[in-house]
2 protein chains.
Amino acid sequence: MRTIGFAGLGAMGAPMARNLAGRGFAVRGYDIRPAAAAAVAAAGGVAAATVAEAAQGADALILMVVNIDQAEQVLFAEGGLDALPPGAVVILSATCPPGAVKALAQRVMASGRRFLDSPVSGGVAGATTASLTIMAAGDRATFAAVKPVLEALGTKIFHVGEQPGQGATVKTVNQLLCGVHLAVAAEALSLAAKVGVDANVMLDVLRGSSAASWMLNDRGPRMLETEPEITSAVDIFVKDLGIVLEAGREMRVALPLAAVAHQLFLATSGRGDGAVDDSQVIRSYHAINGTSPPE
Amino acid sequence: MRTIGFAGLGAMGAPMARNLAGRGFAVRGYDIRPAAAAAVAAAGGVAAATVAEAAQGADALILMVVNIDQAEQVLFAEGGLDALPPGAVVILSATCPPGAVKALAQRVMASGRRFLDSPVSGGVAGATTASLTIMAAGDRATFAAVKPVLEALGTKIFHVGEQPGQGATVKTVNQLLCGVHLAVAAEALSLAAKVGVDANVMLDVLRGSSAASWMLNDRGPRMLETEPEITSAVDIFVKDLGIVLEAGREMRVALPLAAVAHQLFLATSGRGDGAVDDSQVIRSYHAINGTSPPE
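This one's a predicted model, so the numbers in the text were calculated from it and none came from an experiment.

A.B. asks: Would you take a moment to explain the pattern of salt bridges for this structure?
C.D. replies: A side chain of one charge can pair with a side chain of the opposite charge when the charged atoms of the two come close. For the coordinates displayed, the defined rule picks out 18 salt bridges over all chains. A:Arg219 is paired through a salt bridge with A:Asp218; the nearest N and O atoms lie 2.7 Å apart. By sharing partners, the salt bridges in this structure join B:Asp218, B:Arg219, B:Arg222, B:Asp277 and B:Asp278 into a single network.

Structural data, given as structure tokens:
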């Protein structure tokens, strides 16, 4: 594994590609926005004009695109798969529905290429500092071959199963918890706002108690701001909780808390706030409860 | 503050009274079960046969009873308040609805005694190791007077407001988060069980990722057992999420996630499992989704 094609150079993909280049991999970056590919060249890689150019002669092609539709687009419609040498590995790192990942894996493997279902967690911060959590699924030999690549991107590398789709499943469960933790932090702070307890004191107490969560800790302070910095948008959770509920429908599993949390993100997006920081799901609570952020 | 009456020597109260005795306070313990009071005597305190005996001549009377009804019972019906010297402090540490705490505080203060609304968090483990989180509300002078007592019980002592009821509010918000975090951990592990990902691998991934919560970390492993040790019962969250929703009704705040989580605890209790460990709220998910714990 030396030459890596990389498709999807957004907020997550760009620093991931940079980290690979910085650790000695020959990275060929492709993005629909040529400026994003140019940034990979500036970091020591090569800017590819098409996904086929990025895949040509590569040992692996990492897909850090927005969703499964874009993954299918670059692989099949834009010729990424055909350009990839036989035996090379398609590494799908976007958050996608487990059933769709399984189907995509079958098409890739039927073409004589290998496949690793390899979603990541840790956000832009984790992508930038190469400290992502990676939950990979695929046969052991493929996982072993790709491991040095994953180690250039993250610190917690898990082989969660042999079947493609199992990585996506673990990521789905991860997002179920993240989405509900985020929404319930907003619910808690809306109640606090209504009863007039100082929100900063409340956060201090909660962050050190049995009520703590990673999301409360990270997003709680931004919930008290009215226009916080955007690290991840409301619409990401509209999508990801949508994937959670789609997995639930496919598998016939009732997920009542995830369903309620999804409605709150959806309503936030519906009022025109889909692009703001996901902490602002609290605006849905402020809207229904007549509460407001601290002055 | 030297002589402390203590009413309610259950799983939390007993170690709290022991910690006070061990730190040089003269503790007079009362419980409806005489054996519990006798244990306080064995730890260096005095066993009181009635709450009035515990309150007589005390600088403060701590109430660590089950609920607001029991607090009213020991103070008003059983003569605890009348036995307490003027100027002494009633410290209410049970988890109670904010509105009821406010009303109770007014009755206590009208009698010439002081009042501190002082709920705790940290469970039996925190009570035993004197590392509770304490969220106290009351006037500054009373808080300052009582602080040495609280420091014998916990490590994180917060003065969250001047009005009795504000401590109960912070605890209510705390329990909202705890209850929903517990239920959603069960929802996540039920989905994992259905899709056949190894539950222990799943927990390993989630506990180190942005999906982490104190509750997932503490209760997650016990959710994978069928008859875990009981550290806190399902019925405690039936009660505490009931208090959360009561506070929501009083204040006219919609709390949709807490409402759904309450239903899951309620159904678990309704099937006869109210006394089992609260991690077993997962049995409601297993029941509706046809999933089961790992072999």
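That shown, we press on.
A.B. asks: Help me out: how do you make sense of the nonpolar core in this one?
C.D. replies: Nonpolar side chains in soluble globular proteins tend to be buried together. Within the largest apolar cluster, 95 residues are counted, with the highest numbers of intra-cluster contacts made by A:Leu176, A:Leu257, A:Phe265, B:Leu176, B:Leu257 and B:Phe265. Other than its neighbours up to four places away in sequence, B:Phe265 contacts B:Gly179, B:Leu182, B:Ala183, B:Val234, B:Phe237, B:Val238, B:Leu241, B:Asp278 and B:Val281.

A.B. asks: Teacher, can you tell me more about the pairing of strand E1 (residues 3-7) of chain B here?
C.D. replies: For a regular strand, side chains alternate in direction, first toward one face of the sheet and then toward the other. All names here are of chain B. For E1, a buried count of 5 out of 5 residues is recorded, marking the element as mostly surrounded by other parts of the structure. Every second residue of E1 is oriented toward a common face, with Thr3, Gly5 and Ala7 on one face and Ile4 and Phe6 on the other, all of them buried. Pairing of E1 with strand E2 (residues 26-30), which is carried by 5 bridges, proceeds in the parallel orientation. The residue of E2 that forms the bridge with Ala7 is Tyr30. Running through helix H1 (residues 13-22), the crossover from E1 to the neighbouring parallel element E2 is right-handed. Two strands pair when backbone bridges link them, and E1 and strand E4 (residues 60-63) are joined in this way by 4 bridges, in the parallel orientation.

A.B. asks: Just to check I follow, could you spell out the side chain of B:Asn289 for this structure?
C.D. replies: Along the polypeptide, B:Asn289 turns up in helix H14 (residues 282-289). For B:Asn289, a relative accessible area of 6% puts it in the buried group. A polar contact of 2.8 Å, which involves the side chain of B:Asn289, links it to the backbone nitrogen of A:Ala254. Ignoring any residue separated from it by four or fewer positions in sequence, one finds B:Asn289 in contact with A:Val253, A:Ala254, B:Ser190 and B:Lys194.

A.B. asks: So what exactly am I meant to see when it comes to the environment of A:Thr133 here?
C.D. replies: All names here are of chain A. Along the chain, the position of Thr133 falls in strand E8 (residues 132-137). Thr133 sits in the buried class, given a relative accessible area of 3%. Residues Thr133 and Ser121, 12 residues apart in the sequence, show an inter-C-alpha distance of 5.0 Å.

A.B. asks: In this structure, what is going on with the interface of chain B and chain A? I would like to understand it.
C.D. replies: Interfaces are frequently sized by the accessible area removed from exposure as the parts join. Contacts between chain B and chain A engage 57 residues on the former and 57 residues on the latter. Buried surface at the junction of chain B and chain A, both sides included, amounts to about 4900 Å², of which 75% is carbon and sulfur. Across the contact surface, chain B and chain A share 0 salt bridges. Looking at the side of chain B that touches chain A, the elements that each hand over two or more residues are strand E8 (132-137), strand E9 (154-161), helix H9 (166-195), helix H10 (199-207), helix H11 (214-223), helix H13 (256-273) and H14 of chain B. Broken down by element, the residue count for the side of chain B that touches chain A peaks at 21 residues, all from H9(B). Residue composition of the side of chain B that touches chain A, by class: 38 nonpolar, 14 polar and 5 charged.

A.B. asks: What should I look at first to understand the packing of aromatic side chains in this one?
C.D. replies: Each pair of aromatic rings is reported with the distance of its centres and the angle of its planes. For the structure on display, the rule yields 2 aromatic pairs over all chains. Positioned above the aromatic ring of B:Phe76, the side-chain terminus of B:Arg107 is 3.6 Å from the ring centre.

A.B. asks: Which parts of the structure should I look at to understand the packing of H9(B) against H13(B)?
C.D. replies: The relative placement of two packed helices is expressed as an angle between their axes plus a distance between the axes. Residues and elements named next belong to chain B. Running from amino to carboxyl end, H9 crosses H13 at an angle of 60°, the nearest separation of the two axes being 9 Å. By the criterion of interaxial angle, the relationship of H9 to H13 is oblique. When you trace H9 past H13, the crossing you get is left-handed. From H9, Leu176, Gly179, Val180, Leu182 and Ala183 reach across to H13, where they touch Leu257, Ala258, Ala261, Leu264 and Phe265. Of the residues contributing to the contact of H9 with H13, the split by class is 9 nonpolar, 1 polar and no charged.

A.B. asks: Just checking my understanding: could you explain the relation of the copies chain B and chain A for this structure?
C.D. replies: In this arrangement, two copies of a chain are superimposed by a rotation about an axis accompanied by a shift along the axis. When chain B is brought onto chain A, the operation consists of a screw motion whose angular component is 180° and whose axial shift is 0.0 Å, with 0.0 Å RMSD remaining. Look at the turn and shift together and you get a two-fold axis relating the two. Using C-alpha coordinates, one finds that chain B approaches the rotation axis most closely at B:Ser213, a distance of 2.0 Å. Taken together, the interface assignments show that 100% of the residues at the interface of chain B recur at the interface of chain A, consistent with an identical surface on both copies.

A.B. asks: Is there a simple way to explain the domain arrangement of chain A in this structure?
C.D. replies: Residues and elements named next belong to chain A. Split by domain assignment, chain A resolves into domain 1 (3-163) and domain 2 (169-289). For domain 1 and domain 2, the distance between their C-alpha centroids amounts to 29 Å. With 12 residues of domain 1 at the contact, the number on the domain 2 side is 12 residues. Inspection of the region where domain 1 meets domain 2 yields 0 salt bridges. Here domain 1 and domain 2 share 2 residue pairs in polar contact (both at pLDDT 80 or more) between them. Within the residue set of the side of domain 1 that touches domain 2, elements represented by two or more residues are helix H6 (98-110) and strand E7 (120-121). Tallied by class, the residues present in the side of domain 1 that touches domain 2 amount to 9 nonpolar, 3 polar and no charged.

Quick notes on the rules
Residues numbered from 1 in each chain as written. Chains lettered and ligands numbered in written order. Predicted model: local features only at pLDDT ≥ 70, side-chain atom pairs only at ≥ 80, totals over all residues. Heavy atoms only, no water. Salt bridge = Lys/Arg side-chain N within 4 Å of Asp/Glu carboxyl O. Core = buried A, V, L, I, M, F, W, Y, C linked by side-chain atoms within 4.5 Å. Buried < 20%, exposed > 50% of the residue type's maximum accessible area, 1.4 Å probe, protein only. Contact = heavy atoms within 4.5 Å. Helix = DSSP H or I, 4+ residues; strand = E, 2+ residues; numbered from the N terminus. Pairing = 2+ DSSP bridges. Right-handed = clockwise from strand over helix to strand, strands pointing away. Polar contact = N/O pair within 3.5 Å; in protein donor to acceptor, adjacent residues only side chain to side chain. Buried area = accessible area lost by both parts, 1.4 Å probe. Nonpolar A, V, L, I, M, F, W, Y, C, P; charged D, E, K, R; others polar. Phe/Tyr/Trp six-rings, centres within 6.5 Å; stacked < 30°, edge-to-face > 60°. Lys NZ or Arg CZ within 6 Å of the ring centre and 35° of its normal. Axes fitted to C-alpha atoms, helices over the stretch in contact; angles between N-to-C directions. Parallel < 35°, antiparallel > 145°, perpendicular 65-115°, else oblique. Left-handed = near helix turned anticlockwise from the far one by under 90°. Least-squares fit on C-alpha atoms with pLDDT ≥ 70 in both. Domains from an automatic or database assignment.

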